[in-house]
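# Descriptive analysis of the structure
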Amino acid sequence: MSLELLNQSAVSFSAANMLHRQVGTNLLQRLAPISIAPKRILDLGCGTGELIAELRELFPDAEIVGVDIAEQRLTLAQQSYPDMQFECSTLAELPFAAQSFDLIVSNLLLHWLDVLTEDLRNVFRLLSVEGLFLFSFYGPDTFKNAGAGLGNFYDMHDVGDALVQAQYNDPVLDIEHFNVDYDTQADIEKDLADNGEISLIDLHESDVSELHYEVVYGHAWKLAEAMTSKADQEGMVRISPAQIGRKT
């Protein structure tokens, strides 16, 4: 993750993050069939605060806390929501007590993570029992039409395995595809720079005018007892297909 690029793009991000906003809205819509009334919510990777208004509308009585690694993005979020608590932190150093949150939401963050299972455990520690982790990330087909993806574009099944390794229950994942059209490749490069995502792709030399995104949505629970699984000698968790849900 390029922290410098994320900070540099703080001001431009709000205007350039059309896809982020849409994915965030789609992510929260996945809460519709889920019965949950959180008292405390963590917006993990909150950026400049794009999801906060929708979270407040869904859960008007909940306390919402925002965390991001980019201090300049948090400064803008704090200006928009001066009554909220924001913390600048990595996942390894989250400054909260165990079981502090009933709902943790993370929009388009996981593909920035290098140590997925360990980071998922750090999130798991913060969830209350019967708490929910709701997330989205870029999948492996992202940018394949235009260049080499340089992010950690995890396969949804690998994330399902990592969630079980980290002791989550009942992971459910589904996929949505987006194509974003541009006039020129220069426009693509500017948009990616404005979003702070230029480091996620090595564009082909040939001219392209479209970016393809594979977005994976998911959620998983923290319950009193973890899902049963077996680890082989290499430490790989083996679980039955029935233990990982997939929306169609």
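Preceding this section is the structure that the text describes.
Residues numbered from 1 in each chain as written. Predicted model: local features only at pLDDT ≥ 70, side-chain atom pairs only at ≥ 80, totals over all residues. Heavy atoms only, no water.

### Describing the pairing of strand β4 (residues 101–106)
As a reminder, the rule being used: Buried, partly exposed and exposed residues are distinguished by accessible area as a fraction of the type maximum, computed with a 1.4 Å probe on protein chains only: under 20%, between the cut-offs, and over 50%, respectively. Per the convention used, a helix needs a DSSP run of H or I reaching at least four residues, while a strand needs a run of E reaching at least two, with both numbered from the N terminus. The criterion for strand pairing is that DSSP finds at least two bridges linking the strands in question. Handedness of a crossover is defined as follows: with both strands directed away from the viewer, a clockwise route from the first strand across the helix to the second makes it right-handed.
With five of its six residues buried, β4 lies for the most part within the structure. The sheet contact formed by strand β1 (residues 40–44) and β4 spans three bridges and is parallel. Residue pairing for β4: Ile 41 is matched across the bridge by Leu 103. Pairing of β4 with strand β5 (residues 127–138), which is carried by five bridges, proceeds in the parallel orientation. Pairing of Val 105 across the sheet is with Leu 134, part of β5. With helix α6 (residues 116–126) bridging β4 and the parallel β5, this β-α-β connection has right-handed handedness.

### Re the pattern of salt bridges
Convention followed: By definition here, a salt bridge exists when the distance from a side-chain nitrogen of Lys or Arg to a carboxyl oxygen of Asp or Glu is within 4 Å.
Counting across every chain of the model gives five salt bridges. We note a salt bridge from Arg 56 to Asp 83, for which the minimum N-O separation is 2.8 Å. Linking Arg 56 in helix α4 (residues 52–58) with Asp 83 in the loop between α5 (71–80) and β3 (85–88), this pair joins segments that are 27 residues apart in sequence. Residue class for Arg 56 comes out partly exposed when judged on its relative accessible area of 30%.

### A short note on the packing of α6 against helix α7 (residues 156–165)
What counts, and what does not: Geometry is summarised by axes, namely lines fitted to C-alpha atoms with helices restricted to the contacting stretch, and by angles between N-to-C directions that run from 0 to 180 degrees. Angles are sorted into four bins: roughly parallel if under 35 degrees, roughly antiparallel if over 145, roughly perpendicular if 65 to 115, and oblique for all others. In this scheme the handedness of a crossing depends on how the near helix is turned from the far one: anticlockwise by less than a right angle means left-handed, clockwise means right-handed. Whether two residues are in contact is decided by their heavy atoms: any pair within 4.5 Å suffices. Under the grouping applied here, Gly and all other residues not named as nonpolar or charged are polar, the nonpolar ones being Ala, Val, Leu, Ile, Met, Phe, Trp, Tyr, Cys and Pro and the charged ones Asp, Glu, Lys and Arg.
Look at α6 against α7: their axes get within 9 Å of each other, and the N-to-C directions meet at 50°. Taken together, the axes of α6 and α7 lie oblique to each other. Considering the relative orientation of α6 and α7, their crossing is right-handed. The residues of α7 that touch α6, namely those facing Leu 116, Thr 117, Leu 120 and Arg 121, are Val 159, Ala 162, Leu 163 and Gln 165. Tallied by class, residues from the contact of α6 with α7 come to five nonpolar, two polar and one charged.

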